[in-house]
Amino acid sequence: MNEHKLGLPVLTALVIGNMVGSGIFMLPRSLAEVASPGGVLGAWLVTGLGVLLTALVFGNLAMRKPSLNGGPQNYAKALFKEGSETSLVAGYLVGWGYWVANFAGNVAIITTFASYLSTFFPVMTSKHPLFTAGSTDVTLGGGITFLVCSALLWGLHFMILKGIEGAGKANLVATVAKVAGFLFFILICLFAFQSSYLTPFVEPKQSSSGETIGFMGQLNAAAISTLWAFVGVESAVVFSNRAKRQNDVKKATIIGLLIALLIYIGITVLVMGTLPQKELIHSQKPLVDALESVIGPSGSSIMAILGLISLFGATIGWILLAAEVPYQAANKSMFIPAFAKENRYGAPSFSLIVTNIMTQLFIFSVVSQSMADAFDFVIFVATLAFLVPYLMASLYQVKLVFTGETYEGASRSRFGDGLIAVLAALYSLWVIKAGTEDIKTFLFGMSLLISGIVFYPLVRKHTLNKEKGQHE
């Protein structure tokens, strides 16, 4: 049975592959819109530290509480009294929110894949009108992009149905290729780097309403976007029950995070130093444009191919993750029971189908918006939903430290873990607060999270029947 488990290389690839997905390809543009170069680098450093603290929390919990594997919803449930209604509600809602964040996030990755594919098929950006449905104008480019995104989603769906292990290995190959490609990008762009593009390093920005935004305001505005780039750091934890060794989970989490952070900062600085700010802000595929400015049209093709390989691997990892979360939660009576079904290959078949249907509904957004606009909207909604599970995991670590559970005779590590958990919780709260500034999008994200309460009676009924069966 152990030969079908996931080892350290595959777990690390899932962490890197899920983090280094759509973010690195589109974020240089998104960040240039809301912050000056100084604000962008400040946001990366603050977010990198915050996510490192969160990763240490996840890694520590995986070691101290290996029985609570399968996702952060288990930590939310364990935060409250065992067997209580509050415990079940917390576990279910965090699992629901995490699931929503995952399938919403899938859309950002899939639409970015389509954006880079348009390098070879410019018709995908055509504004030629096809028809109008209600208040939505459907363009030729939007229609083709929708079909491409749908084909990618369902093609991978049927591949994953053949087994998790094979999909994980495919993601490993794509991750190795993308890291090698990013190193190539960094080496090439070093020769074209112009520090003058980074000046003025810190300057006020104008909001869409004409309001002047200073450095701290820029840091807040960039915080959610930069966090999106690190979402997926918990991937190894979600798959911890499929890991060959539990200590590999923490190693994969930390190694994956550090590699991703180096890639992010290096590429962001190079893109900002290769493209003028005004050009970067209007770019639909900034890395392609940056490399093209260095080595000409061939650079555009090389970077687009790298992007497609990278995003293909990231899409595999995120579809796996999105389906795994409700599957694991359902197996522990914290989600709708049907999600626990699996096929003869051990793949979470029902969860995969429902997850991808929900992703498909979100993909409709690309029909009426540019790929850049769709990306910005989706990452905002998804990132806010991810913060609730991150916060709950940090609070559960605080609880373990406070009660002393699993810390018998380890007072030094108890204090250190407690400090890390408190700082990680404060970081999550800070980003949530920053996200409330765009109240319309924030409320939409929260409504998706709360909507899960409609299905809670099914979970509660299943749990009660299961408990009744155990007592008889």
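Reading guide: rules and limits
- All residue numbers refer to positions counted from 1 along the written sequence of the respective chain.
- It should be noted that, the model being predicted, local features are given only for residues of pLDDT at least 70 and side-chain atom pairs only at 80 or more, the latter also being counted only at that level, while totals for whole chains, interfaces and linings use all residues.
- In computing side-chain values, all of the structure's heavy atoms are included and hydrogens and water are not.
- UniProt positions are given in the numbering used here, feature names are shortened, and annotations may be inferred rather than shown by experiment.
- The numbering of helices and of strands both runs from the N terminus, where a helix is a DSSP run of H or I of at least 4 residues and a strand a run of E of at least 2.
- Under the scheme applied here, a residue whose accessible area is under 20% of the maximum for its type counts as buried, over 50% as exposed, and between as partly exposed, the area being computed with a 1.4 Å probe on protein chains only.
- The contact rule is simple, with two residues in contact once any of their heavy atoms fall within 4.5 Å.
- Here the accessible surface of atoms and residues is derived via Shrake-Rupley with a 1.4 Å probe, and residues count as covered only by protein chains that are part of the display.
- Exposure above 30% relative accessible area and the absence of a salt bridge qualify a residue for a patch, where like charges join within 9 Å and nonpolar side chains (Val, Leu, Ile, Met, Phe, Trp, Tyr) within 5 Å.
- Salt bridges, as used here, are contacts in which a Lys or Arg side-chain nitrogen is within 4 Å of a carboxyl oxygen on Asp or Glu.
- A helix's residues, less one, multiplied by 1.5 Å, set its expected span.
- An arc is given here, and it is the one of the directions from the helix axis to the C-beta atoms.
- Only protein atoms enter the 1 Å grid used here, on which a cavity is any set of points holding a 1.4 Å probe that cannot leave and a pocket is any open set flanked by protein within 12 Å on both sides along at least five of seven lines; residues with an atom within 4 Å of a point are listed as lining.
- Grid points are joined across faces, edges and corners, and a volume is the space filled by probe spheres set on the points.
- Any two rings among Phe, Tyr and Trp, with Trp reduced to its six-membered ring, count as a pair given centres within 6.5 Å; such a pair is stacked if its planes are under 30 degrees apart, edge-to-face if over 60, and tilted if neither.

The protein chain is annotated in an unreviewed UniProt entry as Arginine:ornithine antiporter from Fictibacillus enclensis. Comment text from UniProt for the protein chain, heading Subcellular location (unreviewed entry), reads "Cell membrane".

K.L.:
Can you walk me through the overall build of the protein chain in this structure?
P.N.:
When you go through the protein chain residue by residue, the secondary structure sums to 19 helices and four strands. Taking all 472 residues of the protein chain together, the buried fraction comes to 57%. When contacts within the protein chain are restricted to residue pairs at least 6 apart in sequence, those whose partners lie at least 24 apart make up 81%. Taken as a whole, the protein chain presents about 18,700 Å² of accessible surface, with 68% of it coming from carbon and sulfur.

K.L.:
Sorry if this is basic, but what is going on with the environment of phenylalanine 113 here?
P.N.:
Among the secondary structure elements, phenylalanine 113 is positioned in helix α5 (residues 85-117). C-alpha separation for the pair phenylalanine 113 and leucine 311, spaced 198 residues apart in sequence, amounts to 5.8 Å. Setting aside chain neighbours within four positions, we find phenylalanine 113 in contact with Leu152, Leu308, Leu311 and Phe312.

K.L.:
Sorry, what's going on with the environment of glycine 256 here?
P.N.:
Mapped onto the elements, glycine 256 comes out in helix α10 (residues 247-272). Taking the C-alpha atoms as reference points, glycine 256 and leucine 14, 242 residues apart in sequence, are found 8.4 Å from one another. With residues up to four places along the chain from it excluded, the contact list for glycine 256 reads Thr12, Val15, Ile16 and Met19.

K.L.:
Looking at this structure, how should I read a nonpolar patch on the surface?
P.N.:
A cluster of nonpolar side chains, namely Phe415, Leu419, Val422, Leu423, Leu426 and Leu429, defines an oily patch on the protein surface of about 580 Å² accessible area. Mapped onto the secondary structure, leucine 423 falls in helix α17 (residues 411-435).

K.L.:
What is the right way to read helix α14 (residues 349-363) from this model?
P.N.:
Two residues of an α-helix separated by three or four positions point the same way, owing to the 3.6 residues in each turn. Compared with the 21 Å implied by 1.5 Å per residue over 15 residues, the 21 Å span of α14 between its first and last C-alpha is a close match. By the burial criterion, the buried members of α14 are Ser349, Ser351, Leu352, Thr355, Asn356, Thr359, Gln360, Phe362 and Ile363. Projection of α14 onto a plane perpendicular to its axis shows the buried side chains occupying an angular sector of 165°, all on one side.

K.L.:
What is the right way to look at empty space enclosed by the protein in this model?
P.N.:
Vacant regions in the atomic arrangement are exposed by a probe of water-molecule size rolled over the atoms. As enumerated under the stated definition, the model contains two cavities of 30 Å³ or more in all. In this structure, the second largest cavity spans a volume of roughly 30 Å³. Looking at the second largest cavity, the residues that line it are Leu56, Val57, Asn60, Gln397, Asp417 and Ile420. Mapped by element, the contributors of at least two residues to the lining of the second largest cavity are α3 (37-64) and α17. Sort the elements by how many residues they give to the lining of the second largest cavity and α3 lands first, with three residues.

K.L.:
Could you clarify how one ought to interpret the packing of aromatic side chains in this entry?
P.N.:
Two aromatic rings, taken as a pair, are described by how far apart their centres are and by the angle between their planes. All told, the structure shown has 18 aromatic pairs when counted by the stated rule. Considering the side-chain rings of tryptophan 44 and phenylalanine 230, the 5.9 Å spacing of their centres and the 80° angle between planes classify their relative orientation as edge-to-face. Pair noted here: tryptophan 44 is in helix α3 and phenylalanine 230 is in helix α8 (residues 215-230), with a separation of 186 residues, a long-range link. Looking at phenylalanine 230, the relative accessible area reads 1%, which means it is buried. With 5.8 Å between their ring centres and 80° between their planes, phenylalanine 58 and tyrosine 390 make a pair best called edge-to-face. Within this pair, whereas phenylalanine 58 is found in helix α3, its partner tyrosine 390 is found in helix α16 (residues 371-403), the two being separated by 332 residues in sequence. Assessed through its relative accessible area of 0%, phenylalanine 58 is described here as buried. Joined through ring pairs, the aromatic side chains of Tyr92, Trp96, Trp99, Phe103, Phe335, Phe339, Phe350, Phe455 and Tyr456 make up one cluster.

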